[in-house]
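Observations on the model geometry
What follows is each chain in one-letter form.
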2 protein chains.
Amino acid sequence: MIIIASRKEVAQLAGVSEATVSRVLNGVGPIKEETRLRVLEAADRLGYTPSALARSFARRRSGNLGVVMPYLPKARIFSAYYFSEILSGIGSKALESKYDLLMLFREPGGSMDYMNLFRTQKVDACIILGARDDGGERQAIQQLSEGNHPYCLINQYFEGEAFHVMDADHVDGSYQAVRHLTEQGFRKIAFLNGPSQYSNSRDRLKGYAQALNEAGIALDESLLFEGNFSRKSGYAAAELIARQLDRIEAVFAANDRMAIGLQQGLRALGISEERMPAFVGYDDSEAAELCTPPLTSVRVPFYELGCLAAEHVLHRLDASESEDESEMNTVLHRQLSTRLVIRASSLHRN
Amino acid sequence: MIIIASRKEVAQLAGVSEATVSRVLNGVGPIKEETRLRVLEAADRLGYTPSALARSFARRRSGNLGVVMPYLPKARIFSAYYFSEILSGIGSKALESKYDLLMLFREPGGSMDYMNLFRTQKVDACIILGARDDGGERQAIQQLSEGNHPYCLINQYFEGEAFHVMDADHVDGSYQAVRHLTEQGFRKIAFLNGPSQYSNSRDRLKGYAQALNEAGIALDESLLFEGNFSRKSGYAAAELIARQLDRIEAVFAANDRMAIGLQQGLRALGISEERMPAFVGYDDSEAAELCTPPLTSVRVPFYELGCLAAEHVLHRLDASESEDESEMNTVLHRQLSTRLVIRASSLHRN
């Protein structure tokens, strides 16, 4: 509808046929660059603005930076420190570059056909959060890589693949956390990790094992527990951990929510403060600082991960437009450093 | 490009010209409904999928639910409890209805041309967060209303306008908060409010004044302070409030962040715990429960506000498609109730 209005006038001013005006604005068929510019200039001069869709279609651009979110139907996903910080970082860069953020929610139980996001021009670039290491996901990202689309994973890598990844050093983060505990003389250190489909869970396990090994402590499988990063899963783990509290001296949890849930669960089971193990969380969320006792935690620069991932994909988008091949062929795999923040929860009481 | 691929085949199957196929898929020009359906059916049968943009263009649909966000360049906007809860609510409904969420950031210092979002088909419906009562904003929303577009404001109304609004009862929330303080015998109650361009700030002032009035306490202008909802602004207010601490017995703050910032600021100024006033915050964020002492606060159902606003605009979108006029002409102005949650921070120490 928008095109009908004054297509004729644009055609007259540009000295071309109306069909040519349509072809230019729809991005259809081979058009001489000179003709294309003449039409666009005429359209511009006449204040003739086709709809954003028509315009995007012509430019093959949506103006949207996609952010793929995990399927967590019952969780208040934007309220999780992890996502909110990363999104704040991505959002700040989108704002600077005048992109709108398109949040794409994964369907239940599935990987997403990422190629389709580009094929159907829903997004010009995309950032993938919460990817898990399974076959479908791996293949979907391989396709993006082969298609040379501007994409970036955050906080997840795939062994053996040269994918674009912005990550943090979780091996070292966990190593610092557990070394802090062994240095104080704790030897029975339980580990409440996240699901092993996440590379960050596997990295944390490595760091945990490394710190134990250095302290001459054998890894005891019966001290390994798994949650899903929710407070609820930490609360549920309390039951299992309470049974072994005569020997567990400290607990390292893969995020603050699980650590806090676990503490709450232990309290609900009637465990007194004196019998509580030492606690180290992970993420260094606001809650870590506010809870009682304040929670020792590993600081992860999530906001920066979001900023850098957004910068990376927007930069690659520019490179693809200017056909800068060397830029396009450079694969990003960066790890930002993590840092232990010591508070009262992890300190030996003597 | 996408259209060229097999347009010819679609035309043959539908028994129309290729130009007609294009007209149907571009939504251009008058087309008999019967012809339109025949073309769409043929396209469907041939598995001929034009790009999402072309498809949207044809249907005049983007598949996006827009969320207008305030311009807060330095704030980690997704990390604020207020926004993260509302977005979680909106997101859950978008997920259910298979809409993608398009986050639109306001430009610095300006209202947004909302009509343009619809004119350019960036969104099919939109929810407006953080609107302020100024001339430009009011006019932009008036245009949306006149155009009968599916939109909804959250937590903001405009006096004298029949805009679509999902709000909470902030008069009553504040009344409950301040009555809780007066009932304990506090008479000098400072109020750290938000900016007065927000209807929720003006509503809170009404509730504050009403509770004082009922307790026979005159409103004292020198006890009114203003922040901008950030922790920093609460921290800054500590300076002013500390000067009057010999007479201020309690502080009511318009959100938890400011209340917590204010407490931190007072501590940084060397105010001892015994000299601390009683505190009531607002929002009942996670932080209220976790901080020390736990903060009495007013619970606002932000998540539900987000759900209901999303449901409302998606419902109106359906109504506009089925041309259900009575549905389209019904203006929503709903207020959900708020509830005081009492914790240690506000209790009289005797």
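Positions within a chain are numbered from 1, following the residues in the order the chain's sequence is written. Whichever chain is written first is A, and whichever ligand is written first is 1; the rest continue in order. Residue-level local features of this predicted model are given only where pLDDT is at least 70; pairs of side-chain atoms are given and counted only at 80 or more, and the full residue set underlies all totals for whole chains, interfaces and linings. The side-chain numbers reported here are obtained from all heavy atoms of the structure, hydrogens and water having been left aside.

For chain A, an unreviewed UniProt entry supplies the name Transcriptional regulator, LacI family protein and the organism Paenibacillus vortex V453.

Quick look at the overall build of chain A
Operational definition: Numbering of helices and strands runs from the N terminus, with a helix taken as a DSSP run of H or I at least four residues long and a strand as a DSSP run of E at least two residues long. The quantity called the radius of gyration is restricted to C-alpha atoms. Its globule counterpart is 2.2 Å times the number of residues to the power 0.38. Here the accessible surface of atoms and residues is derived via Shrake-Rupley with a 1.4 Å probe, and residues count as covered only by protein chains that are part of the display. Think of it this way: Lys and Arg go in the positive column, Asp and Glu in the negative one, and His and the chain ends go nowhere. Charge coordinates come from a single atom per side chain, which is NZ of Lys, CZ of Arg, CG of Asp or CD of Glu.
A count of helical and extended segments in chain A gives 14 helices and twelve strands. Taken over the C-alpha trace, chain A has a radius of gyration of 26 Å; the compact-globule value for 350 residues is 20 Å, which it surpasses by more than 25%. Its C-alpha atoms give chain A principal-axis dimensions of roughly 90 × 35 × 30 Å. As presented, chain A carries roughly 14,900 Å² of accessible surface, and 49% of it is formed by carbon and sulfur atoms. If the 39 positive side-chain charges of chain A are averaged to one point and the 45 negative ones to another, these points end up 5 Å apart.

Some words on the state of the cysteines
Rule in force here: The term disulfide is used for any two cysteine sulfur atoms that are within 2.5 Å. For every residue, the accessible area (1.4 Å probe, protein chains only) is compared with the maximum for its type, and the residue is labelled buried under 20%, exposed over 50%, or partly exposed between those bounds.
Applying the stated criterion across every chain, the model contains zero disulfides over all chains. There is no disulfide at A:C291, and the cysteine sulfur nearest it, in B:C291, is 11 Å away. Residue classification places A:C291 among the buried residues on the basis of a relative accessible area of 5%.

Comments concerning unusual backbone geometry
Residue and element names in this part refer to chain A. The peptide bond linking T292 to P293 adopts the cis configuration, its omega dihedral lying at -10°. Its place among the elements puts P293 in the loop between α12 (286–290) and β10 (297–299). The phi torsion at K98 lies on the positive side, around 60°, for a residue other than glycine. Turning to its location among the elements, K98 is positioned in the loop between α5 (81–96) and β2 (100–105). You can call K98 exposed: its relative accessible area is 60%. Positioned with a positive phi, N148 is a non-glycine residue whose angle comes to about 55°. Classification of N148 by relative accessible area gives partly exposed; the value is 28%.

Some points on the confidence of the model for chain A
Operational definition: pLDDT measures the predictor's confidence residue by residue and takes values from 0 up to 100. Every residue pair with non-hydrogen atoms within 4.5 Å of one another is taken to be in contact.
On average, residues of chain A score 88 in pLDDT, and 91% of them are at 70 or above. Counting contacts from residues 1–5 of chain A, a segment whose pLDDT is below 50, to residues more than four positions away or on other chains yields 17 contacts.

Here's the deal with the environment of B:L101
Note that B:L101 resides in strand β2 (residues 100–105). B:L101 sits in the buried class, given a relative accessible area of 0%. Between the alpha carbons of B:L101 and B:I90 there is a distance of 8.4 Å; along the sequence they are eleven residues apart. Filtering out sequence-adjacent residues up to four positions away, B:L101 remains in contact with A:F78, A:L101, A:L102, A:M103, A:F105, B:L65, B:V67, B:I90, B:G91 and B:A94.

Structural notes on the nonpolar core
Worth spelling out the cut-off: In this text, buried Ala, Val, Leu, Ile, Met, Phe, Trp, Tyr and Cys residues form a nonpolar core when linked through side-chain atoms within 4.5 Å.
Within the largest apolar cluster, 157 residues are counted, with the highest numbers of intra-cluster contacts made by A:F78, A:M103, B:F78 and B:M103. The greatest single-element share of this core, amounting to eight residues, is contributed by α5(A). Not counting the four nearest positions on each side in its chain, B:M103 is found in contact with A:F78, A:D100, A:L101, A:M103, B:V67, B:M69, B:F78 and B:L87. Listed in part, the 42 residues of the second largest apolar core include A:V123, A:A131, A:L144 and A:Y157.

Comments concerning the sheet that holds strand β7 (residues 224–226) of chain A
Neighbouring strands of a sheet are bound in pairs by backbone hydrogen bonds; such pairs are parallel or else antiparallel. Residue and element names in this part refer to chain A. To keep it simple, the criterion reads: Pairing between strands requires that DSSP locate at least two bridges from one strand to the other. Under this scheme, a helix contributes an axis fitted over its contacting stretch, all axes are lines through C-alpha atoms, and angles between N-to-C directions fall in the 0 to 180 degree range.
Overall, parallel pairing links the four strands, which are arranged β7-β6-β8-β9 in an open sheet. Pairing within the sheet leaves two strands with one partner each, and these edge strands are β7 and β9 (278–280). On average, adjacent strands in this sheet sit at an angle of 20° to one another, irrespective of strand direction. In the packing of helix α9 (residues 199–214) onto the sheet, contacts are made with β6 (189–193), β7 and β8 (250–253), and the angle to β6 comes to roughly 170°.

Some details on helix α10 (residues 231–243) of chain A
Heads up, the rule is: Bend angle per residue: angle between axes fitted to the 7 residues ending at that residue and the 7 residues starting there.
The sharpest bend along α10(A) comes to roughly 30°, located at A:A237. Among all positions of α10(A), only A:S233, A:G234, A:A237, A:A238, A:I241 and A:A242 are buried.

Observations concerning the pairing of β2(A)
Among the six residues of β2(A), six are classified as buried, and the element is accordingly described as predominantly covered. Neither face of β2(A) is open: one carries A:D100, A:L102 and A:L104, the other A:L101, A:M103 and A:F105, and all of them are buried. Relative to β2(B), β2(A) runs antiparallel, the two being bridged by three bridges. Residue pairing for β2(B): A:L102 is matched across the bridge by B:L102.

Digging into the pattern of salt bridges
Operational definition: Salt bridge, as used here: a side-chain nitrogen of Lys or Arg that lies within 4 Å of a carboxyl oxygen of Asp or Glu.
For the structure shown, the criterion picks out 36 salt bridges over all chains. Close ionic contact of A:D203 with A:K206 constitutes a salt bridge, the shortest N to O distance being 3.6 Å. Here A:D203 pairs with A:K206, and both are found in helix α9, just three residues apart, close to one helical turn. Ionic pairing is found between B:D220 and B:K188, a salt bridge with its closest N-O pair at 3.9 Å. Taken together, the positions of B:D220 in the loop between α9 (199–214) and β7 (224–226) and B:K188 in the loop between α8 (170–183) and β6 (189–193) put the pair 32 residues apart, joining distant regions of the chain. Connected via shared salt-bridge partners are A:D133, A:R138, A:E161 and A:R202.

Here we look at the side chain of B:R343
Residue and element names in this part refer to chain B. Inclusion rule: Identification of polar contacts relies on pairs of N or O atoms within 3.5 Å, with a donor-acceptor requirement for protein atoms, meaning one able to donate a hydrogen and the other able to accept it, and with residues adjacent in sequence counted only if both atoms are side-chain atoms.
Among the secondary structure elements, R343 is positioned in the segment after β12 (339–341). At a separation of 2.8 Å, a polar atom in the side chain of R343 contacts the main-chain carbonyl oxygen of L295. Not counting chain neighbours up to four residues away, the residues in contact with R343 comprise D284, A288, E289, P294, L295, T296 and S297.

A few points about the packing of α8(B) against α9(B)
Residues and elements named next belong to chain B. Spelled out, the test is: Take the far helix as the reference: if the near one is turned anticlockwise from it by less than a right angle, the crossing is left-handed, and if turned clockwise, right-handed. Note on residue categories: nonpolar means Ala, Val, Leu, Ile, Met, Phe, Trp, Tyr, Cys or Pro, charged means Asp, Glu, Lys or Arg, and polar means any other residue, Gly included.
With their axes 7 Å apart at the nearest point, α8 and α9 run at an angle of 35° to one another. For the element pair α8 and α9, the recorded crossing hand is right-handed. The segment α8 lies against α9, with H170, V171, S174, Y175, V178, R179 and T182 engaging N200, D203, R204, K206, G207, Y208, Q210, A211, L212 and E214. Its residues assigned to classes, the contact of α8 with α9 shows six nonpolar, six polar and five charged.

Focus on the sheet that holds strand β11 (residues 333–336) of chain A
Spatial ordering of the open sheet is given by β11(A)-β5(A)-β4(A)-β3(A)-β1(A)-β2(A)-β2(B)-β1(B)-β3(B)-β4(B)-β5(B)-β11(B), a layout of twelve strands whose pairing is mixed. If you trace the sheet from one side to the other, it starts and ends with β11 of chain A together with β11 (333–336) of chain B, each paired once. Put simply, the sheet's adjacent strands are angled 20° from each other on average, direction ignored. Two strands pair when backbone bridges link them, and strand β3 (residues 125–128) of chain A and strand β4 (residues 151–154) of chain A are joined in this way by three bridges, in the parallel orientation. Looking across to β4(A), one finds that A:I127 is bridged to A:C152. Sheet strands in contact with α5(A) are β1 (64–69), β2, β3 and β4 of chain A together with β2 of chain B, and its direction is about 170° off that of β1(A). Strands β3 and β4 of chain A of the sheet are contacted by helix α7 (residues 135–146) of chain A, whose axis makes an angle of about 145° with β4(A).

Re the packing of aromatic side chains
Put simply, the rule reads: Two rings from Phe, Tyr or Trp (for Trp, the six-membered ring) form a pair when their centres are within 6.5 Å of each other. A pair whose planes differ by under 30 degrees is stacked, one over 60 is edge-to-face, and the rest are tilted. Criterion for a charge above a ring: Lys NZ or Arg CZ within 6 Å of the ring centre, and within 35 degrees of the ring normal.
The full count for this structure, using the stated rule, is 17 aromatic pairs over all chains. In this structure an aromatic cluster arises from ring pairing among A:Y81, A:Y82, A:F83 and A:F302. Lying across the ring of A:Y303, B:R76 places its NZ or CZ 4.0 Å from the centre.

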